[in-house]
Amino acid sequence: MARANDEAAALVQELADLLSITGGDAFKIRAYEKAARAIAGYPDDISALSPNDLKKIPSIGGAIAKKLEDYNQTGTIRQVEELRTQIPAGVRRLTTIPTLGPKKALAVYEELGISSIDELAAAIREGRLRGLKGFGAKTEDNILRGIELMESTGERVLIDAAADLADEIVAALSPLAERCAFAGSLRRMRETIGDVDVLAASRDPRPIMEAFKALPYVSEVIGGGDKKTSVRTTRGLQVDLRVVPPESWGAALQYFTGSQAHNVRTREIAVRAGLKLSEYGLFDAGTNDLIVSETEEQVYDRLGLPWIAPPLREDQGEIEAALDGSLPALVTVDDLKGDLHSHTDLTDGTASLEEMVRAASARGLSYYAITDHAPNLFMQRMTDEKMLAQRERIRALQAEYPGLTLLHGAELNIDPDGEVDWDVGFLSGFDICVASVHSHFTQTPEEMTRRFVRACENPHVHVIGHPMARLIGRRSPVDADWDEVFRCAARTGTAMEIDSFPDRLDLPSDLIRRARRLGVKFAIDTDAHAVGHHRNIRYGVGTAQRGWLTPDDVINTWPLDRLRAFLAKPTP
DNA sequence: GCCGTTTTCGGCCCGACTGTTTTCAGTCG
């Protein structure tokens, strides 16, 4: 995604947030929020658009187009700057605490002058919120729990923020280096990233280091020499750049990709073979002669191992599997033939049916499911009539896409008892149904387990969407006896979703491995709400790889006829 | 502020849940 779109979207979203704190018109605020999503999800660079073209973007009218024009010319939006002088940034940060919205944030700011999360936590502990209208013991409790949840992710960022930054840095430095790539936890596709590691190969590090320090989004140079420079970006993320001689590339990439536990294991193997492995290469321990270092493949090969894909490098059994030749042939983005979960502007998506289908076609998919929300998620205002009308539009649109089979589906809501929207008659009209938990997140594990089991036993539920319903850093996963749920999913032929949204990545990789061992099949979906969300598929696939999945484990790598047979579900 | 097979004004994302109240405000999806 173009950086301008993200920055402009963030400014418009900030405008919405600030207005909600100052008590602006609710409809206006929603209009800004919708516009922010539209900008972020817009496929082309908005900084290249004229005011007239800006207005053609859905949800962007004259007023917001003018603000975007302001952004294109000045790099900011005047009204945002003005509101910032009234509401400190810390107050807006307060609204990111779960259960604390704009009204309560304004109250603690105006009554007690609190404008940071730390101050708020201290004030609660000192009992200074007592007596404040609308704040009771439970509220205090919830705020403290929310702060704790946020702090548990620490300074780490979601994978898409790190990946976008790393891609940009690699693109900027590549012309100056013989090779350039990101390594570290990002290359291993961990779900959150603490700092970004970039590796470059060159005989002349200095120009690369200088270019790196001069990047526009670098706010602070933390330190640096000839081999390594560390900076902090304007968004607070630390980036380490290491430059190595070209002949050390493979060993360096292996070393800086980690994980540390994986590296300990590979170095042990080297030692036992009379070798020494470092970031500079694989050496003879006796003579110190360099043996190999140019590619990762050479390094692993000389250690008697096949190349191990980075997402597996966690010392979670990959060394043993490599030694006995049982490493999985991991699923890749190219293996995917379809996407089974997507939304349009009929519910909370920002793109039309036609735009979403065009994007799916551009991905080279051979089947694509439209799965808008079902009526029990009341805010979406879904009706039988709307769903049936959408089906007609899909059937008509199909004629334009001979190579792409369009499936009509829905994302059903699993209610507290495990029931879903609509009766059997209506459900049987869909090609595919995803079913997800969207409410009652705090049931007991027993209730939650029963709920999922009942959903899996429903012959019209094919995929359990984002099963843990977590939002990384914002909402804890729901609690269930997952082994029990997975056994039921395997028995009933219900797939578990791997939702590719960077703040979901759900199922997470550890549970994917558990589920796979119990015979579960998976669907790697984008859950796209905008054209641009299709790009998130790389994170879902990365998570699947961390879960050791092969194409055979993933139903949307299968040819359509095999998928359809799966969707028929076995009769109990 | 956006939008239009209800077309330049009037509707739009409303109902459930929680925690605070004692009839409802705030938050969330």
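Residues numbered from 1 in each chain as written. Chains lettered and ligands numbered in written order. Predicted model: local features only at pLDDT ≥ 70, side-chain atom pairs only at ≥ 80, totals over all residues. Heavy atoms only, no water.

*Asks:* Lay out the layout of surface pockets in plain terms, naming residues and giving numbers.
*Replies:* By rolling a water-sized probe across the atoms, one finds the places where empty space is left. A volume near 480 Å³ is recorded for the second largest pocket. Around the second largest pocket sit 16 residues that line it, and Arg145, Leu149, Thr442, Arg475 and Ser476 are the ones nearest its centre. Counted by class, the lining of the second largest pocket contains six nonpolar, six polar and four charged residues. There are two domains that each give the lining of the second largest pocket at least three residues, and those are domain 1 (3-152) and domain 3 (333-567). (1 Å grid on protein atoms, 1.4 Å probe; cavity = no way out; pocket = protein on both sides within 12 Å on 5 of 7 lines; lining within 4 Å. Points joined across faces, edges and corners; volume = space filled by probe spheres on them. Nonpolar A, V, L, I, M, F, W, Y, C, P; charged D, E, K, R; others polar. Domains from an automatic or database assignment.)

*Asks:* Residue-level account of the pattern of salt bridges, with values.
*Replies:* Applying the stated criterion to the full structure yields 30 salt bridges. For Asp70, the salt bridge is made with Arg78, and the minimal N-O distance between the two is 3.6 Å. You can call Asp70 buried: its relative accessible area is 11%. Of the charged contacts in the structure, one is a salt bridge between Arg514 and Asp483, with a shortest N-O distance of 3.1 Å. Of the two residues, Arg514 sits in helix 22 (residues 509-517) while Asp483 sits in helix 21 (residues 482-492), which places them 31 residues apart along the sequence. On the basis of relative accessible area, Asp483 is assigned to the partly exposed category, the value being 26%. Bridged by salt links that share partners, the residues Glu14, Asp17, Glu81, Arg84 and Arg92 form one connected network. (Salt bridge = Lys/Arg side-chain N within 4 Å of Asp/Glu carboxyl O. Buried < 20%, exposed > 50% of the residue type's maximum accessible area, 1.4 Å probe, protein only. Helix = DSSP H or I, 4+ residues; strand = E, 2+ residues; numbered from the N terminus.)

*Asks:* Got a sec to walk through the pairing of strand 7 (residues 238-244)? Specific residues and values, please.
*Replies:* Buried residues dominate strand 7, accounting for six of its seven residues. In the sheet, strand 4 (residues 195-201) pairs with strand 7 via seven bridges, with the strands oriented parallel. What sits directly across from Val198, in strand 7, is Leu241. Pairing analysis gives five bridges linking strand 6 (residues 228-233) to strand 7, with the strands arranged antiparallel. (Pairing = 2+ DSSP bridges.)

*Asks:* Let's hear about the UniProt feature "domain: Polymerase/histidinol phosphatase N-terminal" (unreviewed entry) in chain A: which residues, and what values?
*Replies:* UniProt records the feature "domain: Polymerase/histidinol phosphatase N-terminal" (unreviewed entry) for residues 338-416 in the present numbering. As a span, residues 338-416 carries 32% helix and 23% strand, and end to end its C-alpha atoms are 30 Å apart. (UniProt positions renumbered as here; feature names shortened; annotations may be inferred.)

*Asks:* How would you sum up the packing of helix 20 (residues 445-457) against helix 21? Please name residues and give values.
*Replies:* Two elements in contact, helix 20 and helix 21, have axes separated by 9 Å at closest approach and are oriented at 5 degrees. Taken as axis vectors, helix 20 and helix 21 run roughly parallel relative to one another. In this structure, helix 20 contributes Thr449, Phe452, Val453, Cys456 and Glu457 to the contact, and helix 21 contributes Trp482, Glu484, Val485, Cys488, Ala489, Arg491 and Thr492. Across the contact of helix 20 with helix 21, the residue classes break down as seven nonpolar, two polar and three charged. (Axes fitted to C-alpha atoms, helices over the stretch in contact; angles between N-to-C directions. Parallel < 35°, antiparallel > 145°, perpendicular 65-115°, else oblique. Contact = heavy atoms within 4.5 Å.)

*Asks:* Just give me the short version of the environment of Ala489, but keep the residues and values in it.
*Replies:* Tracing the chain through its elements places Ala489 in helix 21. For the pair Ala489 and Lys521, spaced 32 residues apart in sequence, the C-alpha separation works out to 8.3 Å. Each residue touching Ala489, except ones within four places of it in the same chain, is listed here: Cys456, Thr494, Met496 and Val520.

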